[in-house]
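Overview (structure and organization)
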Amino acid sequence: MPHAHHFLERLDRVTREQTEFALVLYRDHEAVKYVLQHVHLPEDAERVALSLADPKEGPFAIATRDGRFVTCLGAGMKHDLPVVPRPQTEALLAKVAEKRARKELAQRELRPDEEEGDLFHRIFSRGSRFAREDFLAISAFEPMLGLAPYEVMLDIALEVLKLRPAMAHGAYKVAIKGSNVKTFEKLDHLEWSLGHLPLLAGAADRFILDMILERVEKRPLSPMYPCVSNLGSTFFLRAAWFAARLGKAAIPTYRDTIAKHEDWMAVLEGAMGLGAIGLRHANTMNEVKRALHGWEAPPVEPGAVPTMAQSRMGATKAVLDFLEHAEERTEIFLKTGRDFCVTYGSGMPEGHPYRFTELEQVPDDLARTAALGFDGDMSVPQVQTFTICGLLAAARASAEDFMFKREANRAWFGQWSAEESLARLKRFAPKPQEATRAEAKPGRNDPCFCGSGKKYKKCHGGVNPPA
């Protein structure tokens, strides 16, 4: 390995700290390959300069495109190679370290009877109790999953569409009993997987996100319609997070979602998706605001069902209003998360780590997860307002922020019950009408109600009643 020896001999050109950083790179060939695969290099570039300090003046570690080290150039030494700035290299090395930590977690998470592939099935079997540890362990294998999480989500959405309508029809009358608990459990797991899979899909590398966007553009559905069709606040916020991950290139797709879809859920998803993109990528904010402007319609009459034009206007104006007051509305959102944590922990014994008596005791990350993970009914206007207030938190979140740690799940929620699934099912069921009593009619021989003085049978109760 003559290049490697030459590189090591030239390290006397740099400082001790720069030498240590260069040796970290030299000793970790896989990490350097990852860095070089995730930076933009000219196609004809056979070598690259990895900056050890200043990106213009150097010094530089010179490596081949496949990660083999060649030499080290001291500060001020000239070259004509493409440069990878040190901060960019350090950020990518941090990603490598995170991926390795997740793989170690995945190995610790495996039960004796499980193989690595079995971890993926937890998405479909743990419902709302799917924990942060589960997600992190599965995400260790994300490079091997490719488009699978997104495509599987679309397939499961079809299953839900087949199963849910029949169950929802009698949701206000059904009694939970042994014979139907398994059906409720199946529906619950399918619905929640529609919330977990977007997080896994959105955590992928950029080239996978670009492939997803290509597929989205060819489908009649809005990008995350399968997710938001669960009608829960956390599902809308997960969809917004996904939009933020897609970034600037997705703005036309979400603008078209608002313009072309005839379902208020898709329209709200489109507006929130645009808002999330602007909040995560500041350089897109002006374009996002232009896409949200101009949707006009007459006001909704009290008690009337909004038209689609009114839904478009309402959704876009609500998001625009949030963008103007994002920081203060986010504080309200997170305070609600603290309220949830106090409520969830109220039944815990004194001194339990998940018992809080004051809002100030709740850690910030726990409050954020409680608010982001809340499954409120989006057909309720107050829940829609609350959810839009979570746009900034969702746009800047990590995927795992939407899930509690396993110990919090166990302490606060315990085992799943069919009542949870039934409560969500009622969102899709027609509301029961209050029974109304018909007014009692007069007897045939009673005086007629019209005051004519005739018997009812000879007046309005007769064969030819008067007009």
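Our subject is the structure that appears above.
Nothing here was measured: the structure is a model prediction, and the numbers come from that model.

The number of helices and strands found in the protein chain is 21 helices and 4 strands. Taking 467 residues into account, the globule formula puts the C-alpha radius of gyration at 23 Å, and the protein chain, at 30 Å, lies well above it. Structurally, the protein chain occupies a C-alpha span of about 120 × 55 × 45 Å along its principal axes. When burial is assessed residue by residue, the protein chain has 49% of its 467 residues classed as buried.

With that settled, consider the nonpolar core. Tyr 150, Phe 242, Leu 279, Leu 292, Phe 333, Leu 391 and Trp 412 are the most contacted members of the largest nonpolar core, which has 115 residues in total. When sequence neighbours within four positions are dropped, the list of residues in contact with Phe 333 reads Leu 237, Ala 371, Leu 372, Phe 386, Cys 389, Gly 390 and Ala 393. Counting residues in hydrophobic clusters, the runner-up holds 25 residues, among them Phe 21, Ala 22, Leu 50 and Val 96.

For any two helices packed against each other, one specifies the crossing angle of their axes together with the interaxial distance. Two elements in contact, helix α3 (residues 29–37) and helix α4 (residues 86–109), have axes whose closest approach is 9 Å; the angle formed by their N-to-C orientations is 125°. By the angle between their axes, α3 is oblique relative to α4. In the crossing of α3 with α4, the sense of the turn from one axis to the other is right-handed. Residue-level contacts link Glu 30, Ala 31, Tyr 34 and Val 35 of α3 to Thr 89, Leu 92, Leu 93, Lys 95, Val 96, Lys 99 and Arg 100 of α4. Tallied by class, the residues present in the contact of α3 with α4 amount to 6 nonpolar, 1 polar and 4 charged.

Where strand β1 (residues 47–54) lies against strand β2 (residues 58–64), 6 bridges are found, and the strand directions are antiparallel. Bridged to Asp 54 within β2 is Gly 58. Counting the residues in the hairpin turn of β1 and β2 gives 3 residues. When β1 meets strand β4 (residues 83–84), the two strands line up parallel, connected through 2 bridges. Bridge pairing in β4 links Leu 50 to Val 84.

Glancing now at the pairing of strand β3 (residues 69–73). Most of β3 is tucked away, with 5 of its 5 residues classed as buried. In this structure, β2 lies alongside β3, joined through 4 bridges in antiparallel fashion. Bridge pairing in β3 links Ala 63 to Phe 69. The turn joining β2 and β3, which pair antiparallel and follow one another in sequence, is formed by 4 residues; a positive phi near 95° is taken by Gly 67.

Turning our eyes to something else, we now look at the sheet that holds β4. The sheet built from 4 strands is open, its strands ordered β3-β2-β1-β4 with mixed pairing. Each edge of the open sheet carries a strand with a single partner, namely β3 and β4. Contacting β1, β2 and β3, helix α2 (residues 16–26) crosses the sheet at an angle of about 145° to β1.

Here we come to unusual backbone geometry. Note the cis peptide between Gly 58 and Pro 59, where omega equals 5°. Along the chain, Pro 59 falls in strand β2.

Right, let's get into the pattern of salt bridges. If charged atoms from side chains of opposite charge come close, those side chains can pair. Counted under the stated rule, the structure contains 27 salt bridges. Glu 9 serves as the salt-bridge partner of Arg 10, at 3.8 Å between the closest nitrogen and oxygen. With a relative accessible area of 25%, Arg 10 lands in the partly exposed category. The class for Glu 9 is partly exposed, based on a relative accessible area of 49%.

We now examine the side chain of Asn 409. The residue Asn 409 is located in helix α20 (residues 406–412) in this model. A polar contact of 3.3 Å, which involves the side chain of Asn 409, links it to the backbone oxygen of Arg 129. Filtering out sequence-adjacent residues up to four positions away, Asn 409 remains in contact with Ser 128, Arg 129, Phe 130, Ala 131, Phe 404 and Gly 414.

Moving on: the side chain of His 196. Among the secondary structure elements, His 196 is positioned in helix α8 (residues 178–202). Ignoring anything within four residues of it in the chain, the contact list for His 196 reads Ile 123, Gly 127, Phe 130 and Arg 238.

Axis separation between helix α7 (residues 148–169) and α8 bottoms out at 9 Å; the angle between their running directions is 150°. Overall, the two elements α7 and α8 adopt an arrangement that is roughly antiparallel. In the packing of α7 onto α8, the handedness of the crossing is left-handed. When α7 is examined against α8, the residues Pro 149, Tyr 150, Val 152, Met 153, Ile 156, Ala 157, Glu 159, Val 160, Leu 163, Arg 164 and Met 167 are found in contact with a partner set consisting of Thr 183, Phe 184, Lys 186, Leu 187, Leu 190, Glu 191, Ser 193, Leu 194, Leu 197, Pro 198, Leu 200 and Ala 201. Here the residues of the contact of α7 with α8 are counted per class, giving 17 nonpolar, 2 polar and 4 charged.

Look at α7: 32 Å from first C-alpha to last across 22 residues, which is about the 32 Å you get at 1.5 Å a residue. Within α7, burial applies to Pro 149, Tyr 150, Met 153, Leu 154, Ile 156, Ala 157, Val 160, Arg 164, Met 167 and Ala 168. Lining the buried residues of α7 we find α6 (142–145), α8, α9 (206–217), α10 (225–228), α11 (233–246) and α21 (418–425).

Calculation notes
Numbering of residues starts from 1 in each chain and follows the order in which that chain's sequence is written. With pLDDT at 70 or above as the cut-off, local features in this predicted model cover only qualifying residues; side-chain atom pairs require 80 or more to be listed or tallied, and sums for whole chains, interfaces and linings still use all residues. Hydrogens are left out, water is left out, and the side-chain values use all remaining heavy atoms of the structure. Under the DSSP-based scheme used, a helix requires at least four consecutive residues in state H or I and a strand at least two consecutive residues in state E, with every element numbered from the N terminus. C-alpha atoms define the radius of gyration in this analysis, and the globule rule sets the expected value at 2.2 Å times the number of residues to the power 0.38. For every residue, the accessible area (1.4 Å probe, protein chains only) is compared with the maximum for its type, and the residue is labelled buried under 20%, exposed over 50%, or partly exposed between those bounds. The set of buried Ala, Val, Leu, Ile, Met, Phe, Trp, Tyr and Cys residues whose side-chain atoms join them within 4.5 Å is what this entry labels a nonpolar core. By definition, residues are in contact when any of their heavy atoms lie within 4.5 Å. Lines fitted to C-alpha atoms define the axes here, with helix axes fitted over just the stretch in contact, and angles between the N-to-C directions of these axes take values from 0 to 180 degrees. Note on angle classes: values under 35 degrees are labelled roughly parallel, values over 145 roughly antiparallel, values of 65 to 115 roughly perpendicular, and the remainder oblique. Should the near helix be turned counterclockwise from the far one by less than a right angle, the crossing is left-handed, whereas a clockwise turn marks it as right-handed. Residues are grouped as follows: Ala, Val, Leu, Ile, Met, Phe, Trp, Tyr, Cys and Pro are nonpolar; Asp, Glu, Lys and Arg are charged; every other residue, Gly included, is polar. Two strands pair under a simple rule: DSSP has to find at least two bridges between them. What makes a salt bridge here is a side-chain nitrogen of Lys or Arg within 4 Å of a carboxyl oxygen of Asp or Glu, nothing more. The term polar contact refers here to a pair of N or O atoms within 3.5 Å; inside protein, the definition further demands a hydrogen-donor-capable atom paired with an acceptor-capable atom, and it admits residues adjacent in sequence only when both atoms are side-chain atoms. Expected span of a helix: the number of residues minus one, times 1.5 Å.

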